[in-house]
Amino acid sequence: MKRFIKLTKFALAYLGFYPDQLFENLKQFPSFVVELGDFKKSFKGKYTDWKFSYYPILTDKKDQSGKARGQYFYQDLFVASLIYKAGPKRHIDIGSRIDGFIAHLACFRQVDVMDIRPLNSNIQNVNFIQADLMMPAANLKESTDSLSCLHTIEHFGLGRYGDNIDPDGHLKGLDSMYQILKKGGTFYFSTQIGPSMVAFNAHRVFSVAYLLSLFEKQYELLSFSYIDDKDVLHQKIELTPQGIANSFGCKLGCGIFELKKL
């Protein structure tokens, strides 16, 4: 029964209908009406030249003071701090979140951002380059000492963002990134970890063992961190055989790799 309810809520949410939010709005609506009446009594007598309209937001009273949670929040802040401490000459990013990680970097340095989709905003300290990283980037070969790709590679080749369909898209993307980075340069990489799978066309999930096998001949692992399924960040932990075998107990976690190009 619980599984049926969960699946039903998922299906409704996919169609844009959120039952829990609706019920909470209905629950809070009577108090909104009372507070509206109280406010208008004082407002109309003092602000006679102001326009008055309605914009009810009914669920914030029970929310926390801020949404400091989620894989992107912790990942973006953590990796940005690593780059701040490292102070590279140049930093290139591949497809990471503009309103999170890139915004953090742009506060203290210039960053070149590459993405298959266009970026129409003019952002201070951000130089945007539209590119498909599943294609070789010969003009950028060994062009940077610092490179990042956060929560992005799992989408390559699935068509979700207008890219070409390619089951090997993640491999081609990683190869292009390897070519861009200078020898001895640092690669900050994150992606979803757990039992290996593809959920078309949303994303892939990679086992930690699989990812390590991709990196072992090209990079030295400087550190490994991860965000578990409960959104808890574990910083710079030891890669134990058991942890590698079960992807640290994650089903849909986030692995964060700090790598040095050999």
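Summarised in this report is the structure supplied together with it.

Here is what the cut-offs are and how they apply
- Residues numbered from 1 in each chain as written.
- Predicted model: local features only at pLDDT ≥ 70, side-chain atom pairs only at ≥ 80, totals over all residues.
- Heavy atoms only, no water.
- Salt bridge = Lys/Arg side-chain N within 4 Å of Asp/Glu carboxyl O.
- Helix = DSSP H or I, 4+ residues; strand = E, 2+ residues; numbered from the N terminus.
- Buried < 20%, exposed > 50% of the residue type's maximum accessible area, 1.4 Å probe, protein only.
- Pairing = 2+ DSSP bridges.
- Contact = heavy atoms within 4.5 Å.
- Axes fitted to C-alpha atoms, helices over the stretch in contact; angles between N-to-C directions.
- Phe/Tyr/Trp six-rings, centres within 6.5 Å; stacked < 30°, edge-to-face > 60°.
- Polar contact = N/O pair within 3.5 Å; in protein donor to acceptor, adjacent residues only side chain to side chain.

**Remarks on the pattern of salt bridges**
- Taken as a whole and assessed by the stated rule, the structure comprises five salt bridges.
- Here Asp76 and Arg97 are joined by a salt bridge, their closest N and O atoms 3.3 Å apart. Here the residue Asp76 occupies a position in helix α3 (residues 71-86), and Arg97 occupies one in the loop between β1 (92-94) and α4 (98-106), the gap between them amounting to 21 residues.
- Here Asp76 falls in the buried class, since its relative accessible area comes to 1%.
- What makes Arg97 partly exposed here is its relative accessible area of 33%.
- Residue Asp166 is joined to Lys172 by a salt bridge in which the shortest nitrogen-to-oxygen separation is 2.6 Å.

**Here we look at the sheet that holds strand β9 (residues 233-234)**
- Across the sheet, eight strands lie side by side as β3-β2-β1-β4-β5-β10-β8-β9; this open sheet has mixed pairing. What marks the edges here is a single partner per strand, and that holds for β3 (126-130) and β9.
- Examined bridge by bridge, strand β4 (residues 144-150) and strand β5 (residues 181-193) share six bridges and lie parallel to one another. Among the inter-strand pairings, Thr144 is bridged to a residue of β5, identified as Leu181.
- This element, α4, spans β1, β2 (111-115), β3 and β4 of the sheet and lies at about 160° to β2.

**Points about the packing of aromatic side chains**
- Counted according to the given criterion, the structure contains 22 aromatic pairs.
- Ring centres of Phe43 and Phe52 lie 5.4 Å apart, and the angle between their planes is 55°; on these two criteria the pair is classed as tilted.
- According to the relative accessible area criterion, Phe43 is buried, its value standing at 10%.
- Take Phe52: its relative accessible area is 27%, and that puts it in the partly exposed class.
- Within the aromatic cluster, the residues linked to one another by ring pairs are Tyr178, Phe187, Phe189, Phe215, Tyr219, Phe224, Tyr226, Phe248 and Phe257.

**Considerations on the side chain of Ser148**
- One can find Ser148 in strand β4.
- Assessed through its relative accessible area of 0%, Ser148 is described here as buried.
- Here the side chain of Ser148 touches His91 through a polar contact of 2.8 Å, side chain to side chain.
- Filtering out sequence-adjacent residues up to four positions away, Ser148 remains in contact with His91, Ile92, Asp93, Ile94, Phe101, Phe187 and Tyr188.

**Structural notes on the environment of Phe187**
- Its place among the elements puts Phe187 in strand β5.
- With 38 residues separating them in the primary sequence, Phe187 and Ser225 have C-alpha atoms 14 Å apart.
- Apart from residues lying up to four places away in sequence, Phe187 is in contact with Leu147, Ser148, Cys149, Leu174, Met177, Leu181, Tyr219, Phe257, Glu258 and Leu259.

**Comments concerning unusual backbone geometry**
- Between Phe200 and Asn201 the backbone carries a cis peptide bond, its omega angle lying at 0°.
- Positionally, Asn201 belongs in the loop between β6 (197-199) and β7 (203-205).
- Its identity is not glycine, yet His151 carries a phi of approximately 55°, on the positive side.
- In this structure, His151 sits in the loop between β4 and α5 (169-180).
- Phi at Ser247 is positive, roughly 50°, even though this residue is not glycine.
- With a relative accessible area of 3%, Ser247 lands in the buried category.

**Quick look at the pairing of strand β8 (residues 219-227)**
- Where β8 lies against strand β10 (residues 253-261), eight bridges are found, and the strand directions are antiparallel. Residue pairing in the sheet places Leu221 in a bridge with Leu259 of β10.
- In sequence, β8 turns back onto β9 through a hairpin of five residues, with Asp231 there showing a positive phi of about 65°.

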